[in-house]
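These are the residues of each chain, in order.
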Amino acid sequence: KICELHAYIFKHNPDIIILNETWLKPSILSSEVLPNNYKVHRLDRSPETHPIDPDNPKKFRRNGGGVLIAVNNALSLQSKVITTKCAAELLAIELCLPDNSKIIVTTCYRVGTLGMANCNEIMETLNKLSRKKLLRKFLVIGDFNLKGVNWDSGYSSNSIENEFVNGFADLGLLQCINVATHNKGNTLDILLTKSKQYIQNLKVLDTERFCISDHFAITFNITQKVMRKPRVKRMCYNYKHASWDDLNRELSNIDWDNLLDYQEPEVAWNNFKQTIFEKIDAYVPKFRIKSEHQPQWFDSECYAKCKEKEKLHKIFKTKKTLVSELKFKTARREFKALIKTKMRASLDTEDRNCLTKKFWSHIKTTTKSTR
């Protein structure tokens, strides 16, 4: 899932990413999950955010859960977590606009078996958030597991689900998603806002659009003008068009003994690097990358394979034949293999200071670590 998630992010460059059921722990870095051009706000599962339900203590699960909101660093605004002290898996962030007004984006993951105490915690927190000063827009999105609610009528036969629906109505929150968001045909993931005019281009993506999941991804635009930081373009070596024969000939003609002998190690290393890069600059062309945060491994080949996979997915969803399904799954498998190969090659060539896979295998063996 991580490879395909990264590929989707690098292709579409979303401003805000919201994830539920992250299954993250403090030992897992945010940079292992999302690119480093995002400011990541996390709420991992803990006894504080997922307390044992006194009415159903056997349903407690220590692992799983967790929510995340990531904001693209290209946006010229400040984002910070709002401290809620909510005994539920609810995370709220505040986006501060230049005129000091605020947009509050909240996500919540609710285990469907939790009782009224969890419902009260969530609704009390949403009530406090909705009454913040200088609040311009208020959005709530997440997997609430309200599978019995008919959103057209706003009714459920489950009393707890009805409490949620009535609580949303009391806060003036409107539910924007009216189609299934789960492969069993239920609308489990909901988007709440005080005005549907805030939301544009709302789409519930097809299953397996960019990764395998029982939930469907949701994309939408928030109607808000925000300044963006100027992109810093960078140059990269284009090794595919390098003059390897000329480069090898130049390197073989260098008197390395005369260059490196009787030198201090640091001086010899600097001389070696300078000489190598002078020759590389002469025989390896460069190209400009538009995004400073797009990794070198996500090149035109990966981009083309990603587009091919998405095209075959659309064909499969339209025709729903065995042949189209086979073509899509083959393209998806080839796409994942290509990404892994590119990432591995980039680690082998881009940074020789990176610790190798063999090193980490040795660490796991000696420390008996599962990481």
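Rules and cut-offs
Residues numbered from 1 in each chain as written. Predicted model: local features only at pLDDT ≥ 70, side-chain atom pairs only at ≥ 80, totals over all residues. Heavy atoms only, no water. Pairing = 2+ DSSP bridges. Helix = DSSP H or I, 4+ residues; strand = E, 2+ residues; numbered from the N terminus. Axes fitted to C-alpha atoms, helices over the stretch in contact; angles between N-to-C directions. Contact = heavy atoms within 4.5 Å. Polar contact = N/O pair within 3.5 Å; in protein donor to acceptor, adjacent residues only side chain to side chain. Buried < 20%, exposed > 50% of the residue type's maximum accessible area, 1.4 Å probe, protein only. Core = buried A, V, L, I, M, F, W, Y, C linked by side-chain atoms within 4.5 Å.

A. Fine view of the sheet that holds strand S3 (residues 67-72). Spatially, S1-S3-S2 is the arrangement adopted by the three strands of the open sheet, whose pairing is antiparallel. The sheet is open, and its two edges are formed by strand S1 (16-20) and strand S2 (38-43), each paired on a single side. Going from strand to strand, the sheet's axes swing by 10° on average, the running direction of each strand aside. Sheet analysis places S1 next to S3, joined by five bridges and oriented antiparallel. Of the residues in S3, the one forming a bridge with Asn20 is Val67.

B. Representation of the sheet that holds strand S9 (residues 189-193) in the model. The sheet built from six strands is open, its strands ordered S4-S5-S6-S7-S9-S8 with mixed pairing. What marks the edges here is a single partner per strand, and that holds for strand S4 (78-81) and strand S8 (174-175). Each of strand S5 (89-96), strand S6 (102-109) and strand S7 (135-143) touches helix H2 (residues 116-130); the most contacted strand, S7, lies at about 160° to it.

C. Region of interest: the side chain of Arg45. Residue position: Arg45 is located in the loop between S2 and S3. At 3.1 Å, the side chain of Arg45 and the backbone oxygen of Asn63 are in polar contact. When neighbours within four sequence positions are excluded, Arg45 is seen to be in contact with His50, Arg61, Arg62, Asn63, Gly64, Gly65, Gly66, Glu89, Tyr109 and Val111.

D. Broad picture of helix H1 (residues 2-12). Of all eleven residues that make up H1, eight are buried, and the element is covered over most of its length. All buried positions along H1 are accounted for by Cys3, Glu4, Leu5, His6, Ala7, Tyr8, Ile9 and Phe10. Positioned one or two residues after H1, Asn13 has a phi angle of 50°, which is positive.

E. Representation of the nonpolar core in the model. Formed by 25 residues in total, the largest nonpolar core has its most connected members in Ile122, Leu126, Phe144, Phe164 and Phe168. Elements with a minimum of two residues in this core: S5, S6, H2, S7, helix H3 (159-170) and S9. The biggest single contributor to this core is H2, with five residues. For Phe168, the residues in contact, after removing those within four places along its chain, are Met123, Leu126, Phe144, Leu146, Trp151, Leu173, Ile190 and Leu192. Among the nonpolar cores identified, the runner-up in size contains 20 residues, and Leu91, Tyr109, Ile141 and Leu191 belong to it.

F. Region of the structure containing the environment of Lys336. Its place among the elements puts Lys336 in helix H8 (residues 322-349). The spacing of Lys336 and Cys306 is 30 residues in sequence and 9.3 Å in space, taken between C-alpha atoms.

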